[in-house]
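Spelled out from the first residue to the last, the chains are:
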Amino acid sequence: MADTTQKEVLLDVKNLEITYGSGKKKYTAVKNASFQIYKGETFGLVGESGSGKTTIGRAIMRILPTSGGEIIYKGEKINGKISKTLDKKVVQEIQMIFQDPQASLNERAKVSYIVSEGLMNVRKDLSAAQREEKARQALLDVGLLPEFASRFPHEFSGGQRQRIGIARALIVEPEFIIADEPISALDMSIRAQVLNLLRKLQKERGITYMFIAHDLSVMQYISDRIAVIHKGDIVELAAADELIEHAMHPYTRSLISAIPMPDPIRERGKKLLTYDPNMHDYSVEKPQWRELRPEHYVLCSESEAAAWSKLYE
Ligand code: ADP
Ligand code: MG
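Numbering of residues starts from 1 in each chain and follows the order in which that chain's sequence is written. Following the order in which they are written, the chains are lettered starting with A and the ligands numbered starting with 1. Local features in a predicted model are, by the rule used here, given only for residues with pLDDT of at least 70; side-chain atom pairs are given and counted only at 80 or more, and totals for whole chains, interfaces and linings are based on all residues. Neither water nor hydrogens contribute to the side-chain values; these are computed over all heavy atoms in the structure.

A. View of the overall build of the protein chain. Runs of E in the DSSP output that reach at least two residues are strands. Runs of H or I that reach at least four are helices, and both are numbered from the N terminus. Summing up its helical and strand segments, the protein chain has 12 helices and 12 strands in all. Its C-alpha radius of gyration of 21 Å places the protein chain within 12% of the 20 Å reference for a compact globule of 313 residues. Taking the principal axes of its C-alpha atoms as reference, the protein chain extends roughly 65 × 50 × 45 Å. Remark: exposure states derive from per-residue accessible area (1.4 Å probe, protein chains only) relative to the maximum for the residue type, with buried under 20%, exposed over 50%, and partly exposed in between. Counting the 313 residues in the protein chain, one finds 47% classified as buried. Taking the intrachain contacts of the protein chain between residues at least 6 apart in sequence as the baseline, contacts between residues at least 24 apart amount to 64%. Looking at charge distribution, the protein chain has the averaged site of its 43 positive side-chain charges lying 5 Å from that of its 42 negative ones. Note that the radius of gyration is over C-alpha atoms, with the globule rule given as 2.2 Å times the number of residues to the power 0.38. Residues are treated as being in contact if the distance between any of their heavy atoms lies within 4.5 Å. The sign given to each residue is positive for Lys and Arg and negative for Asp and Glu; His and the chain ends receive no count. Charged groups are reduced to one reference atom each: NZ for lysine, CZ for arginine, CG for aspartic acid, CD for glutamic acid.

Here it is in structure tokens:
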């Protein structure tokens, strides 16, 4: 776990809005999202499928344009039009690991090419042989054999393919990795191995993670802080323990109620909470981002703030 007391802000997202399509087909996938990610921490972004998590990740990567707000990386605005130098810096320092290792690797390319491709942009000084050598080292770093460099993706299992994806991200020595549901598509038996690998790499290299997941069960153990997103709105944000123990937004509370309990008796007696967005009356009073407990933010109206603050008295 990172020491977040020093709190050097690496990424500052302010009032971010991201829309798809235009005219009648215009759809706002992310609305007014604000959060900061501290250097060295694991920042969890959790929400059900379709809530806008990947969209946020892709906007930070500059793959997707933004329609409002700012994304500030190390003090510089990186959304919209930026200089070539800054673009190059972002391409090198921010990497993404994808959800589906079956779909995210180019089947026709050799592993050495897949892993070293990113170097062609950011390390033009390297020869083909030097890139190959770095690819072999990156494979070793993620627990694979360097010999795998000359093979093709279809020869590997899901877990191995995800390690190849991690090697591909690592090779450019990133500072910030967006891990987009990196274990969701993997067999239960190998999920822990991939998580341990990510944790080890963070420890060794001081990498900052934005870790995306659709449920809280794993998130609570790996994240320093967690943001909860519902249909494009970030509804709650707090340190992981604080969020689990003192959740205030009813959507967060429903996610927590769905976490499987290790004790079968408690699991059977567990009450699932369902979340109905119609419970909010925001017709008169629009919800605002409020700090209801120290460093614990919730999207709510004033009357909700008063009621939810009493939950843990
Ligand atoms: P998540 O990663 O949380 O599952 P996404 O960010 O992929 O969610 O998607 C958020 C919303 O944006 C969804 O409603 C999805 O259907 C929509 N969306 C995603 N990609 C596109 C696209 N290329 N064009 C139009 N809508 C999209
Ligand atoms: Mg997604």
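What follows picks up the thread again.
B. View of the site of ligand 1. The full set of residues close to ligand 1 is Tyr20, Tyr27, Ala29, Glu48, Ser49, Gly50, Ser51, Gly52, Lys53, Thr54 and Thr55. Here a polar contact means two N or O atoms within 3.5 Å. Within protein one must be a hydrogen donor candidate and the other an acceptor candidate, and residues neighboring in sequence count only if both atoms are side-chain atoms. Within the contact set of ligand 1, an oxygen atom lies 3.5 Å away from a side-chain nitrogen or oxygen of Tyr27. Separating an oxygen atom of ligand 1 from a backbone N or O atom of Gly50 is a distance of 2.6 Å. In the complex, the protein chains occlude 58% of the 560 Å² of accessible area that ligand 1 would expose alone. Element by element, the count of residues in the shell around ligand 1 is highest for helix H1 (residues 53-60), at three residues. Classes in brief: Ala, Val, Leu, Ile, Met, Phe, Trp, Tyr, Cys and Pro nonpolar; Asp, Glu, Lys and Arg charged; the others, Gly included, polar. Partitioned by chemical class, the residues of the shell around ligand 1 number three nonpolar, six polar and two charged. If even one non-hydrogen atom of a residue comes within 4 Å of a molecule or strand, that residue is called near it. Shrake-Rupley sampling with a 1.4 Å probe provides the accessible areas, and residues are treated as covered by the protein chains on show and by no other component.

C. Broad picture of the packing of aromatic side chains. A pair of Phe, Tyr and Trp rings is counted when the ring centres sit within 6.5 Å of each other, with Trp represented by its six-membered ring. The angle between the planes then sorts it: under 30 degrees is stacked, over 60 is edge-to-face, the rest tilted. For the coordinates displayed, the defined rule picks out four aromatic pairs. With a centroid separation of 5.1 Å and 20° between ring planes, the pair formed by Phe35 and Phe43 is classed as stacked. Seen in terms of ring centroids, Trp289 and Tyr297 are 5.9 Å apart; in terms of plane orientation they differ by 20°. Their pairing is stacked. Judged by its relative accessible area of 32%, Trp289 falls in the partly exposed class.

D. Representation of the sheet that holds strand S6 (residues 94-97) within the structure. Criterion used throughout: strands pair if DSSP finds at least two bridges between them. Taken together, eight strands build an open sheet; the order of strands is S6-S7-S8-S3-S9-S10-S12-S11 and the sheet is mixed. Taken across any chain shown, the strands that pair with only one partner, and hence form the sheet edges, are S6 and strand S11 (288-293). Put simply, the sheet's adjacent strands are angled 20° from each other on average, direction ignored. Note that strand S7 (residues 176-180) and strand S8 (residues 208-213) share five bridges and pair parallel. Looking at S8, one finds that Ala179 is bridged to Phe211. The strands that helix H2 (residues 84-93) touches are S6 and S7; relative to S6, the one it contacts most, it runs at about 40°. Note on method: axes are straight lines fitted to C-alpha atoms, helices fitted across the in-contact stretch only, with angles between N-to-C directions ranging 0 to 180 degrees. Contacting strand S3 (42-46), S6 and S8, helix H7 (residues 188-205) runs over the sheet at an angle of about 160° to S8.

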